Amino acid sequence: MASDPSSPADNDSCEGDDLEDVDSAGEDAEVTGSGSARKRVSARTVLTGRGVTMAMLLSDGILEPGDACLSIDYLGQKFVGDLLPNGKIKWQGSNRVFNSPSAWAIHCKKMVNPSKKSGCGWASVKYKGKKLDIYKTIWFRKQRGANAPSPANTDESMEDEEEEEEEEEGKKEEAKKTEESATKKEPVAKPKGNDSQPGGAENRHDNSRPRRPVSEVTGGLKTTSAAAPLSLSLSGSFRVKQDVKERPSVKHTSLGSRDPDQDPNTLVEYSHFSALGKMQPFTMSITTNCLLLMDFHCHLTTSEVVGYLGGKWDPASQHLSILQAFPCRCRLGDKENAIVVEEEIRQGMMLRGLSLVGWYHSHPHCQADPSLRDVDCQMEYQVAMKGLGATYQPCVGFIVAPFPLSEPIVESAIQAFWVMPPPEHKPHEYGMPMSMNFTAIQDSYLTQDVVNEMKWVSDYYSGAPDFLFFKEPWHQDKTFLEKVKGSLAKKLPKDQVSGQLLDFVQSLLVTQQGQEKQTSR
């Protein structure tokens with residue numbers, strides 16, 4: 001069932017991408033000689049600055065090779081590379097070697113924004129904190145004399161200035177969206193109850209878990225995000241017996257620019273990479289244990305639930321492995337308790353050697369299409385969970401729809417999505433939610449972590465006004481309990497195909513509710 005983890009990006013050739021750095025035939029810079037490797041440069045190159053290469057700047061002593069001396073900052077993401085003695089660039093995120101600044105820059109930018117088609121690497125790549133075009137100007141003046149003007153009036157320099165303006169505009173827009181999101185959304189929280197260890201009905205609102213899921217621990221990664229704070233800033237509040245009605249989804253193309261009067265709960269249809277003539281930026285797999293726990297969590301209540309996803313990111317193959325779900329046993333609307341829960345999850349991920357790779361939430365009564373609020377949240381998380389230093393790490397969102405009114409089917413709809421940033425020349429548009437394909441990997445056995453989480457999360461919601469009564473009818477002749485068991489049956493590990501886990505689910509939900517009724521009497 002495993003998918004081929006080869007990266008679509010690896011199929012892109014790095015050679016020949018740096019067209020703006022290469023002049024016409026016969027006029028390119030030529031490096032000859034031995035020892036000091038003295039350089040001969042054409043008159044046109046010295047006049048305009050075109051045709052300058054990293055090797056030329058190295059050979060003239062403008063630059064020096066070194067580790068982690070090159071960097072790219074783009075839409076909140078940072079990429080770090082080594083400058084090799086031959087003038088090529090080795091990206092520390094995957095150890096790939098690029099022939100030129102532009103080849104490396106466009107590759108990294110497409111990972112963040114697949115719609116990115118071009119850009120000048122000399123304006124995007126920094127050497128020891130300063131843009132490379134500054135060092136190109138130094139080289140130019142050295143060739144022509146200290147009083148010679150810099151090639152600021154060339155086409156390339158104009159492209160550099162445009163690139164800088166675009167990047168600054170992109171950064172400002174991301175900061176603006178983050179600020180807007182922060183003012184609109186509140187972290188999740190839990191209802192009142194005992195904070196003792198999980199156990200009987202009296203402990204059902206417990207918010208403690210053995211300290212266990214965020215560390216950037218995958219092979220080859222040199223930094224960790226263990227200190228990076230988690231932040232679920234979803235808006236909403238505790239809702240009981242809410243009025244539900246079918247909600248149609250709109251196409252992204254109909255949204256236009258951001259409108260303060262636009263309902264943030266508007267659902268948006270997914271776009272597909274194939275329809276845009278693009279490839280998915282990375283491949284994904286998720287374990288059945290992870291899907292099982294997500295689905296179970298989302299079935300427990302008529303209100304939205306949220307959780308985090310732990311896994312590993314392989315930068316060499318550009319493959320994201322989602323290995324474990326971490327339900328948030330807290331309610332929407334309580335900032336104080338959300339902080340406690342998120343810290344516990346972060347510590348738990350660290351102990352398991354997992355990275356924070358995404359999040360999930362439920363749409364209890366509507367389809368698994370994201371709302372505008374979901375789109376903004378996902379875009380914010382893609383920036384916040386990007387990795388540190390030399391590493392780039394993607395973040396994905398999952399939406400689980402257990403009881404959609406439009407299509408009452410037994411198995412929950414589970415959709416993975418990623419948001420493509422708006423075009424740089426249209427920064428005020430909404431990001432585009434992209435459907436992400438993933439492969440489900442069947443686990444060999446049910447882990448104790450999953451069993452514990454199922455107990456704790458059901459204890460947490462048990463007795464709450466929005467906790468489902470699983471013996472009540474769901475659709476036609478099926479009860480809610482049959483619906484839950486039917487959906488989970490498609491996600492069982494190999495050692496549970498006999499149905500033992502489903503019997504455990506039944507005893508966990510129905511027996512517990514029987515005890516609640518007895519207590520209430």
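Everything discussed here concerns the structure shown above.
Note that this is a predicted model, so its numbers are computed, not measured.

Q: Please explain the packing of aromatic side chains as it appears in this structure.
A: To describe a pair of aromatic rings, one takes the distance between the centres and the angle between the planes. Enumeration over the complete set of coordinates arrives at 11 aromatic pairs. Taken together, Phe 273, Phe 282, Trp 313 and Trp 418 form an aromatic cluster joined through their ring pairs. Here the basic side chain of Lys 136 rests over the ring of Trp 122, its NZ or CZ set 4.2 Å away from the ring centre. Across from the ring centre of Trp 474, 5.9 Å away, lies the NZ or CZ of Lys 483, which sits over that ring.

Q: Please clarify how the packing of helix H7 (residues 288-299) against helix H10 (residues 448-461) should be interpreted in this entry.
A: At a closest axis distance of 10 Å, the pairing of H7 and H10 adopts a crossing angle of 10°. On the basis of the axis angle, H7 is roughly parallel to H10. Contacts between H7 and H10 involve Asn 289, Leu 292, Leu 293, Phe 296 and His 297 from the former and Val 450, Glu 453, Met 454, Val 457, Ser 458 and Tyr 461 from the latter. Of the residues contributing to the contact of H7 with H10, the split by class is seven nonpolar, three polar and one charged.

Q: Whenever I open this one, the pairing of strand E4 (residues 77-83) confuses me. Can you help?
A: Note on strand geometry: in a regular strand, side chains alternate between the two faces of the sheet. Of all seven residues in E4, six are buried, a share of seventy percent or more. Note that strand E3 (residues 66-74) and E4 share six bridges and pair antiparallel. Bridge pairing in E4 links Ser 71 to Val 80. One ladder, built from three bridges, connects E4 with strand E5 (residues 89-91); its direction is antiparallel. The residue of E5 that forms the bridge with Asp 82 is Lys 90. Linking E4 to E5, which pair antiparallel, is a turn of five residues; within it Gly 87 sits at a positive phi near 90°.

Q: Which parts of the structure should I look at to understand the nonpolar core?
A: Soluble globular proteins tend to bury their nonpolar side chains together. Formed by 84 residues in total, the largest nonpolar core has its most connected members in Leu 63, Trp 104, Met 294, Ile 322 and Phe 398. Top contributing element to this core by residue count: H7, with seven residues. Shared between two domains, this core takes at least three residues from each, and those domains are domain 1 (54-143) and domain 2 (254-520). Contact partners of Ile 322, with chain neighbours within four places excluded, come to Met 284, Ser 285, Ile 286, Thr 287, Cys 290, Leu 309, Gly 310, Gly 311, Val 357, Val 396 and Phe 398. In terms of nonpolar packing, the next biggest core, distinct from the first, is built from 24 residues, Val 306, Tyr 308, Ile 345 and Met 349 among them.

Q: What exactly am I supposed to notice about the sheet that holds strand E16 (residues 413-420) here?
A: Paired through their backbone hydrogen bonds, the strands of a sheet run either parallel or antiparallel. Read across the sheet, eight strands follow the order E17-E16-E15-E14-E12-E13-E11-E18 without closing on themselves; strand pairing throughout is mixed. With one partner strand each, in any of the chains shown, strand E17 (432-435) and strand E18 (439-441) form the two edges of the open sheet. Going across the sheet, the axis of each strand differs from the next one's by a mean of 35°, ignoring polarity. Across six bridges, the pairing between strand E12 (residues 306-314) and strand E14 (residues 355-362) is antiparallel. In the strand pairing of E14, Tyr 308 is matched with Trp 359. On top of the sheet, helix H8 (residues 335-351) reaches E12, strand E13 (319-327) and E14; it is set at about 30° to E12, its chief contact.

Cut-off values and rules
Residues numbered from 1 in each chain as written. Predicted model: local features only at pLDDT ≥ 70, side-chain atom pairs only at ≥ 80, totals over all residues. Heavy atoms only, no water. Phe/Tyr/Trp six-rings, centres within 6.5 Å; stacked < 30°, edge-to-face > 60°. Lys NZ or Arg CZ within 6 Å of the ring centre and 35° of its normal. Axes fitted to C-alpha atoms, helices over the stretch in contact; angles between N-to-C directions. Helix = DSSP H or I, 4+ residues; strand = E, 2+ residues; numbered from the N terminus. Parallel < 35°, antiparallel > 145°, perpendicular 65-115°, else oblique. Contact = heavy atoms within 4.5 Å. Nonpolar A, V, L, I, M, F, W, Y, C, P; charged D, E, K, R; others polar. Buried < 20%, exposed > 50% of the residue type's maximum accessible area, 1.4 Å probe, protein only. Pairing = 2+ DSSP bridges. Core = buried A, V, L, I, M, F, W, Y, C linked by side-chain atoms within 4.5 Å. Domains from an automatic or database assignment.

Everything listed here is a matter of geometry and, on its own, says nothing about what the molecule does.
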